[in-house]
Every structure is written in structure tokens, then in C-alpha cells.
Amino acid sequence: MIRRPEQNNVKVNVRRLDHATDLPLPAYQTAEAAGFDLVAAVPAGNPVTLSPGDSALIPTGLIFELPKGTEAQVRPRSGLAAKFGLTVLNSPGTIDSDYRGEVSVILINLGKKPFTINRGERIAQMIIAPIIRAVLMEAAVLSGTKRGAGGFGSTGSATSASSAQKKKQKPVTKTRNNKKSKSQLKKSARGR
Ligand SMILES: O=c1ccn([C@H]2C[C@H](O)[C@@H](COP(=O)(O)OP(=O)(O)OP(=O)(O)O)O2)c(=O)[nH]1
């Protein structure tokens, strides 16, 4: 269901820990931004440098009290990913609504150069989203579908299982004595 933006607003209590009181509270940067940025609450005099391939748990100094029925997702910032190869290792990180600990961001440097994370640096973004909780019911028989167990590229690509199957089923043009004619041999030599 598409709702007007103002209908989507939910109040979220957020507590700034002692090591983040001087850092700005997160805020949406545009009227319709889906997420707000999280900043690094690393000590000012002790930035974290990630060498290529390294990862680290970066504190945000924030604790959220998410409303029941919601979650928060920690996602990468595309600018950092595109420019430096810096991304969120477990993206999207899941923040449960009953979590009352500090939110941390697991950053990994997939780039080619070391990247230094300074205090206050915008390192990731957080999206608040509704969740659906399933009531799992064990069942021995499940309803049938057209797809069945097909997956992992079973539809739509030239190399898919179904088109490979079709190729297999293509009738073979036989020549006398089941041998290829000279012209056919020439054609297959050209890769047709
Ligand atoms: O990027 C993340 C992911 C998780 N968390 C916090 C909030 C979340 O509610 C809690 C647990 O996360 P998750 O369920 O992903 O971790 P787990 O490895 O399954 O641990 P647990 O057994 O504590 O659930 O850790 C973060 O601060 N940052």
C-alpha cells in the first residue's frame, strides 16, 4: 500500500551515548530521503584506518528504541562504495526493535587504498522499515507452482537450464549414413 509520506512518520526515541554527545543527531537530508546517515563515533584522536581487505566494527554512539513491528537496516553509502570501495560487510545489517545496545556498523574496505574513518564521518545509512512476522506452520505438502523448484537463473537467460534443455531437444539433421555433408562440415567449422 502506498501511503503519503506524512502517514509513514513514526516516532523513534534515540539516545546519544557519552562518546557521541557532541555529534549531530541523524537527520534525513531531503524531504523524501529513505534513510539518514550514521556517523562514526570513534575517538577524535584515534581514527580507524582500514587497509584493503580489512573490516572493523565502528561505533555510532547511538541507541534506538524502534517501535514494535519495525526494524532498522544499516546500508552502505553509495558514494563511499563507488569512490573508495568502502561498504557494509553484513549489508543490510539488521537492528531488532528490542535491541537496546549501541548500533555499530561493520565496515569493510574492498577498495585498493587504505581508508581512514575519522570521528563524525558519515559511514552508512539507516532505513526504518516495517516487518512482517511469520507464524511458521510445518506442512508435509505444499501448493504447486509453475516455477516449482527452478531457481538460480532458471528463467530468461541464454544459458539457462530451460533453454539448454530446448537445445538438447532440437532435432538433428541427418545425412545419409548419419554422416555430415561437406557443406555441413564447413558450416560447423565456422562455428554455426
Ligand atoms: O550491523 C549491525 C547488525 C546488528 N547490530 C545489533 C542490532 C541487532 O539487533 C543485534 C543483533 O544482530 P543480528 O541478529 O544480526 O546478530 P546475530 O549475529 O544473529 O546475533 P544475536 O544472536 O545477538 O541476534 O546487533 C548492529 O548494531 N549492527
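The rules behind these values
- Residues numbered from 1 in each chain as written.
- Predicted model: local features only at pLDDT ≥ 70, side-chain atom pairs only at ≥ 80, totals over all residues.
- Heavy atoms only, no water.
- Buried < 20%, exposed > 50% of the residue type's maximum accessible area, 1.4 Å probe, protein only.
- Helix = DSSP H or I, 4+ residues; strand = E, 2+ residues; numbered from the N terminus.
- Pairing = 2+ DSSP bridges.
- Axes fitted to C-alpha atoms, helices over the stretch in contact; angles between N-to-C directions.
- Near = heavy atom within 4 Å.
- Polar contact = N/O pair within 3.5 Å; in protein donor to acceptor, adjacent residues only side chain to side chain.
- Areas by Shrake-Rupley, 256 points an atom, 1.4 Å probe, with all protein chains shown as cover.
- Nonpolar A, V, L, I, M, F, W, Y, C, P; charged D, E, K, R; others polar.
- Core = buried A, V, L, I, M, F, W, Y, C linked by side-chain atoms within 4.5 Å.
- Contact = heavy atoms within 4.5 Å.
- UniProt positions renumbered as here; feature names shortened; annotations may be inferred.

The element strand S6 (residues 70–75) is extensively covered by neighbouring structure, given that five of its six residues are classed as buried. Relative to strand S11 (residues 122–130), S6 runs antiparallel, the two sharing six bridges. For Val 74, the partnering residue across the bridge sits in S11 and is Met 126. Examined bridge by bridge, S6 and strand S8 (residues 93–95) share three bridges and lie antiparallel to one another. Its bridge partner being in S8, Val 74 is matched across the sheet by Gly 93.

What follows is about the sheet that holds strand S7 (residues 86–88). Strands sit in the order S4-S9-S7 across an open sheet of three strands; the sheet is antiparallel. The open sheet terminates on both sides in strands that have one partner only, identified here as strand S4 (55–59) and S7. Averaged over all adjacent pairs, the angle separating strand axes in this sheet is 35°, with direction ignored. Examined bridge by bridge, S4 and strand S9 (residues 104–109) share five bridges and lie antiparallel to one another. Bridge pairing links Leu 57 to Ile 106 in S9.

All residues adjacent to the ligand are Asn 90, Gly 93, Thr 94, Ile 95, Asp 96, Tyr 99, Glu 102, Val 103 and Ser 104. The contact in question runs from an oxygen atom of the ligand to an N or O atom on the side chain of Asn 90, over 3.0 Å. Asp 96 is positioned such that a nitrogen or oxygen atom in its side chain is 2.5 Å from an oxygen atom of the ligand. Relative to its unbound accessible area of 560 Å², the ligand is 49% covered by the protein chains. Sorting elements by how many residues they give to the shell around the ligand places S8 first, with three residues. By residue class, the composition of the shell around the ligand is three nonpolar, four polar and two charged.

Here Lys 11 lies in the loop between helix H1 (5–8) and strand S1 (13–16). Looking at Lys 11, the relative accessible area reads 79%, which means it is exposed. In the structure, Lys 11 is positioned 55 residues away from Leu 66 in sequence and 8.3 Å away in space, judged by C-alpha atoms.

To continue, consider the nonpolar core. If you look at the biggest cluster of nonpolar residues, it comprises 24 residues, and the most contacted ones within it are Leu 38, Val 74, Leu 107 and Met 126. Going through the elements one at a time, strand S2 (36–39), S4, strand S5 (62–65), S6, S7, S9, strand S10 (115–117) and S11 are the ones with two or more residues in this core. Among residues more than four places away in sequence, those in contact with Val 74 are Leu 38, Val 88, Ser 91, Pro 92, Gly 93, Ile 95, Val 103, Val 105, Ala 124, Gln 125 and Met 126.

What UniProt calls "binding site: substrate" (unreviewed entry) maps, in this numbering, to Arg 77, Ser 78, Gly 79, Asn 90, Thr 94, Ile 95 and Asp 96. With respect to the secondary-structure elements, Ser 78 resides in helix H2 (residues 78–84). Assessed through its relative accessible area of 59%, Ser 78 is described here as exposed. If you trace the backbone, Asn 90 turns up in the loop between S7 and S8. By relative accessible area, which is 37% here, Asn 90 ends up partly exposed.

Excluding glycine, residues mostly carry a negative phi; peptide bonds, for their part, are mostly trans. Residue Pro 92 is reached from Ser 91 by a cis peptide bond, and omega for that bond is -10°. Within the element layout of this structure, Pro 92 appears in the loop between S7 and S8. Even without glycine at this site, Phe 152 takes up a positive phi of about 55°. Among the secondary structure elements, Phe 152 is positioned in the loop between S11 and helix H3 (161–169). By relative accessible area, which is 90% here, Phe 152 ends up exposed.

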